[in-house]
Amino acid sequence: MTINASSIFKDVEKIRKTAPLVHNITNYVVMNTTANALLAIGASPVMAHALPEVEEMTGIAGALVINIGTLSDAWIEAMFKAAKKAAQRKIPIIIDPVGVGATQYRTRTARQLIQATPPSIIRGNGSEIMALCQQDQKTKGVDSTSASDQAVDAAKALAREYGCVVCITGKIDYIVSQETLLQVKNGHAMMPYVTGLGCTATALCGAFAAVNPEVDKAAAHAMAVMGIAGEMAARTAQGPGSLQVNFIDSLYQLSQTHIKEFFKA
Amino acid sequence: MTINASSIFKDVEKIRKTAPLVHNITNYVVMNTTANALLAIGASPVMAHALPEVEEMTGIAGALVINIGTLSDAWIEAMFKAAKKAAQRKIPIIIDPVGVGATQYRTRTARQLIQATPPSIIRGNGSEIMALCQQDQKTKGVDSTSASDQAVDAAKALAREYGCVVCITGKIDYIVSQETLLQVKNGHAMMPYVTGLGCTATALCGAFAAVNPEVDKAAAHAMAVMGIAGEMAARTAQGPGSLQVNFIDSLYQLSQTHIKEFFKA
Amino acid sequence: MTINASSIFKDVEKIRKTAPLVHNITNYVVMNTTANALLAIGASPVMAHALPEVEEMTGIAGALVINIGTLSDAWIEAMFKAAKKAAQRKIPIIIDPVGVGATQYRTRTARQLIQATPPSIIRGNGSEIMALCQQDQKTKGVDSTSASDQAVDAAKALAREYGCVVCITGKIDYIVSQETLLQVKNGHAMMPYVTGLGCTATALCGAFAAVNPEVDKAAAHAMAVMGIAGEMAARTAQGPGSLQVNFIDSLYQLSQTHIKEFFKA
């Protein structure tokens, strides 16, 4: 199994044609920028977190994205409620365990969410994926020769345990499922200087998983689009301010030709 | 009654001269971008939602903008409290019923707000205005030949019932009051790809209503300025990222010459 | 004691080398833009406000930034808790009393915070600093010949009372400690048209105070960097939209040469 420029663009076209509603329960920092990224790629974002309405909103969505970046108790309750509804409806749940490992509150919440309603995709950086796994993981430590390897081992353990796809983003993105390991080598060194591009990657996973039932490919396609748009953006960026603006423009402009030119696996 | 380049610019100048304080109780997604739009046109935005301070903040404002985009119970309570204070002080209340119809929570809240303290202006897209009206509206259905017509009928019903101005934004903007129907034909097809430009339209209604007691004209002026700034922005935009940046620049640059060049009614 | 291009750039280099974690409990409007500014200068921003995690987050941070721009009771409780932890750990606390004087809620909260855990730096505009001081200040009134002078007197009173540095930003920035008064004359007239640049100035104080224990210099360096990046940004800005984008780019690009070219004290 593999992905290529044509499989990536097929999903982009489906998103643009069907404009799937992506329900985000996400953090305050990135609400605006992730909504803009979803719009630019052709999806329909909605943000809603109130207990009286989350189930109804998830009930009309094509995917649910949960991001724990600025948690509080009321929001956690809403996350569980929405995730339960998404599981009932069998729509993809995407979880972004922002800052897992930094506080027990985040670690506990992310783990409980994943246990209660195993997601389709978990998207995080290497240290988040390792922190998420730590207690469950058996193979880490001496077996691993680098942080990336350790994270891939952790991702494999999570994928086995929860039957989900785990997406580790970094210089190389690893998309890990129980059976498969995909790599995407797109992206640009300036991207980590823009706040919330990781959260945007997660949100895009929602849009792609809403139109593509092969979850590992959907996640890999989303990562490829992120990285390609980042590289397109970097061509004329003067810094992270213009990179962010160009990135949104690039998602909007993205054609099969761009994907063919930039895609690296 | 009509509006023209000179009546539009007169309001812009008043805003720039008096910098009216616009109190926003709005959604998390657009707080930053609507504050920037209000500043760029010359108004003074303030965001405040805590029960212990909303009345005091509304007490010094020139207009109150209520946007239900990311509702929760505590915020709803603050919205009612602030709206009551605004009604006592007879300053314009502008309501943006974001996502009305998507969940009962939003529909109920928006209707209750409008009934408790009839606003000066309601600003929404066609489907929001129709969803807001549904139960009250008598004339919809077979009488209407298009979505726009249906929305205008719904707007008329709301305008009659609450004595308010209803602003339907879309390809053509309709500004409906009990006696008048104004149209603004400015805007650009890329604008819906920027999150929260509808919310920005609502916030600008606040600034214009703060300086112009003829509410229907104030709303129409605000819509004209939105659309014109959008068209100015689109001239060099490469996508919705640069459109958003250019849009803020255009609000700031906006001169009578620009308005004369672009305004279409 | 004074600051110069070389002392400013030394701190910038330290930030870039050590990427201090700046814990922000700040307002919804500016979370995204202040996070981006902190990243662009080389720091690591984190936003966290939940009672169950604030202490743990402050426990790993290099500085704590508290901004009362969109207060509510739950957030106030978190601010006190985080500030207590920061005081125990002796890491710098930076307070931005946004809108103090506009409502009693803000005035009371800001004063109580400052009394409970005297901060390293208070950063506000002239009227905020005066409103914050009012009850304590003895020397204001006839002694002062202008709003700036009054604000400097208020700042001196606060600095004496709480042993902190007070940063008044405006056309000229005044950095006031018990013993010293520094001035920074950088900045651009278009900056107040971008929402939250004051909050960004406060956040940058956090980054600079995290790497420089001479708090008054750290604050002055942060103000110089703000103003210089603003002037660099203004060279090609078409309005506040592009100014904001260029400003982030400029923080990222900022070199000793830029500082030498632009710095004015």
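Quick caveat: nothing in here was measured; it's all calculated off a predicted structure. Residue indices begin from 1 for each chain and proceed along its sequence in written order. As they are written, the chains are lettered A onward and the ligands numbered 1 onward, keeping that order. Per-residue local features of the predicted model are confined to residues with pLDDT of at least 70, and side-chain atom pairs are confined, for both listing and counting, to 80 or more; whole-chain, interface and lining totals are unaffected and use all residues. The side-chain figures draw on all heavy atoms in the structure; neither hydrogens nor water molecules are used.

1. A closer look at the interface of chain A and chain B
Thinking step 1. Taken together, the contact pairs 22 residues of chain A with 25 residues of chain B.
Thinking step 2. Buried area between chain A and chain B, summed over both chains or domains, comes out near 2000 Å², and the portion from carbon and sulfur atoms is 63%.
Thinking step 3. Salt bridge, as applied in this entry: a Lys or Arg side-chain nitrogen positioned within 4 Å of an Asp or Glu carboxyl oxygen. The interface formed by chain A and chain B contains one salt bridge.
Thinking step 4. Each polar contact in these results corresponds to two N or O atoms within 3.5 Å; when the atoms are within protein, one needs to be able to donate a hydrogen and the other to accept it, and residues that are neighboring in sequence are counted only if both atoms are side-chain atoms. Remark: the boundary between chain A and chain B carries ten residue pairs in polar contact (both at pLDDT 80 or more). Residue contacts are counted whenever heavy atoms from the two residues lie within 4.5 Å of one another. A simple way to read buried area is as the amount of 1.4 Å-probe accessible surface that goes missing from two parts once joined, with both sides added.

2. Some details on the packing of helix α1 (residues 5–18) of chain C against helix α9 (residues 215–234) of chain C
Residues and elements named next belong to chain C.
Thinking step 1. Orientation is described by lines fitted to C-alpha atoms, with helices fitted over the stretch in contact, and by angles between N-to-C directions that extend from 0 to 180 degrees. Working definition: helices are DSSP H or I runs of at least four residues, strands are E runs of at least two. Numbering for both runs from the N terminus. Axis separation between α1 and α9 bottoms out at 10 Å; the angle between their running directions is 90°. The angle between the axes of α1 and α9 places the two elements in the roughly perpendicular class. Of the residues in α9, those in contact with S7, I8, D11 and V12 of α1 are A218, H221, A224 and V225.
Thinking step 2. Three categories are distinguished: nonpolar for Ala, Val, Leu, Ile, Met, Phe, Trp, Tyr, Cys and Pro, charged for Asp, Glu, Lys and Arg, and polar for the others, with Gly belonging to the last. Of the residues that constitute the contact of α1 with α9, the class distribution is five nonpolar, two polar and one charged. We call two directions roughly parallel when the angle between them is under 35 degrees, roughly antiparallel when it is over 145, roughly perpendicular when it lies between 65 and 115, and oblique otherwise.

3. A short note on helix α8 (residues 197–211) of chain B
Thinking step 1. An expected span of 1.5 Å times one less than the residue number is assigned to each helix. With 15 residues, α8(B) ought to run about 21 Å at 1.5 Å a step, and its terminal C-alpha atoms sit 21 Å apart, in line with that.
Thinking step 2. Buried, partly exposed and exposed residues are distinguished by accessible area as a fraction of the type maximum, computed with a 1.4 Å probe on protein chains only: under 20%, between the cut-offs, and over 50%, respectively. Of all 15 residues making up α8(B), 13 are buried, and the element is well covered by its neighbours.

4. Topic: the environment of B:G126
Thinking step 1. Examined against the element boundaries, B:G126 turns out to sit in helix α6 (residues 126–133).
Thinking step 2. Residues in contact with B:G126, not counting those within four places in the same chain, are B:A151, B:I168 and B:T169.

5. Brief notes about unusual backbone geometry
Negative phi characterises most residues that are not glycine, and trans characterises most peptide bonds.
Residues and elements named next belong to chain B.
Thinking step 1. A positive phi angle, close to 40°, is found at A19, a residue other than glycine.
Thinking step 2. Structurally, A19 can be placed in the loop between α1 (5–18) and β1 (21–25).
Thinking step 3. Residue classification places A19 among the partly exposed positions, given a relative accessible area of 30%.

6. Description of empty space enclosed by the protein
Sizing a probe to match a water molecule and rolling it over the atoms shows the empty space that remains.
Thinking step 1. Cavity: a set of points on a 1 Å grid over the protein atoms alone where a 1.4 Å probe fits but cannot get out. Pocket: an open set with protein on both sides within 12 Å along at least five of seven lines, its lining residues, like those of a cavity, having an atom within 4 Å of a point. Grid points are joined across faces, edges and corners, and a volume is the space filled by probe spheres set on the points. Using the criterion set out here, one finds five cavities of 30 Å³ or more in the structure.
Thinking step 2. Computed from the structure, the largest cavity encloses a volume of approximately 580 Å³.
Thinking step 3. Looking at the largest cavity, it is lined by 34 residues, and the ones nearest its centre are A:N32, B:N32, B:Q244, C:N32 and C:Q244.
Thinking step 4. Going through the elements one at a time, α2 (31–41) and α10 (240–253) of chain A, α2 (31–41) and α10 (240–253) of chain B together with α2 (31–41) and α10 (240–253) of chain C are the ones with two or more residues in the lining of the largest cavity.
Thinking step 5. In terms of residue class, the lining of the largest cavity is made up of 19 nonpolar, 15 polar and no charged.

7. Here we look at the interface of chain A and chain C
Thinking step 1. Facing 25 residues of chain A, the contacting portion of chain C comprises 22 residues.
Thinking step 2. Summed over both partners, the interface of chain A with chain C comes to about 2000 Å²; 63% of that surface belongs to carbon and sulfur atoms.
Thinking step 3. Counting across the interface, chain A meets chain C through one salt bridge.
Thinking step 4. When the shortest N-O distance is used, the salt bridge between C:E53 and A:R106 registers 2.7 Å.
Thinking step 5. Taken together, the connections running from chain A to chain C amount to ten residue pairs in polar contact (both at pLDDT 80 or more).
Thinking step 6. Counting residues per element, the ones that place at least two in the side of chain A that touches chain C are α5 (104–116) and α10 of chain A.
Thinking step 7. Considering each element in turn, the side of chain A that touches chain C owes the most residues, four residues, to α10(A).
Thinking step 8. Of the residues assigned to the side of chain A that touches chain C, the class counts are twelve nonpolar, eleven polar and two charged.

8. Quick notes on the relation of the copies chain A and chain B
Relating one copy of the chain to the other takes a rotation about an axis and a shift parallel to that axis.
Thinking step 1. All copies are superposed by least squares; the fitting set is the C-alpha atoms of residues with a pLDDT of at least 70 in both. By a simple turn and slide, chain A fits onto chain B: the slide is 0.0 Å along the axis, the RMSD is 0.0 Å, and the turn is 120°. In the structure described here, the two chain copies are related by an operation that fits a three-fold rotation axis. Scanning chain A for the C-alpha nearest the rotation axis identifies A:Y28, at a separation of 3.8 Å.
Thinking step 2. An asymmetric contact is evident, with only 9% of the interface residues of chain A recurring at the interface of chain B.

9. Some remarks on helix α3 (residues 51–58) of chain A
Thinking step 1. Those residues of α3(A) that sit buried are A:E53, A:V54, A:M57 and A:T58. Down the axis, α3(A) shows its buried residues gathered within 130° of arc, on one side only.
Thinking step 2. Tucked inside the fold, the buried residues of α3(A) contact β1 (21–25), β2 (44–47), β3 (63–67) and α4 (73–89) of chain A together with α5 (104–116) of chain B. For this quantity, the arc is that covered by the directions from the helix axis to the C-beta atoms.

10. Here's the deal with the sheet that holds β1(B)
Residues and elements named next belong to chain B.
Thinking step 1. Sheet architecture is open: eight strands sit in the order β2-β1-β3-β4-β5-β6-β7-β8, paired in mixed fashion. Strands with a single pairing partner mark the edges of an open sheet, and in this sheet they are β2 (44–47) and β8 (181–184). Across the sheet, the mean angle from the axis of one strand to that of its neighbour is 20°, orientation sign disregarded.
Thinking step 2. This element, helix α3 (residues 51–58), spans β1, β2 and β3 (63–67) of the sheet and lies at about 150° to β1. At least two bridges found by DSSP between two strands are what make those strands a pair.

11. Regarding the relation of the copies chain A and chain C
Thinking step 1. Superposing chain A onto chain C requires a rotation of 120° together with a translation of 0.0 Å along the rotation axis, leaving an RMSD of 0.0 Å.
Thinking step 2. Taken as a fraction of all interface residues of chain A, those also at the interface in chain C reach only 8%, which identifies the copy contact as different-surface.

12. Some thoughts on the confidence of the model for chain A
Thinking step 1. How sure the predictor is of each residue is captured by pLDDT, a score from 0 to 100. On average, residues of chain A score 95 in pLDDT, and 95% of them reach the 70 mark or higher.
Thinking step 2. Model confidence for the complex: the whole-complex pTM is 0.96, and ipTM, which rates the interface, is 0.95.

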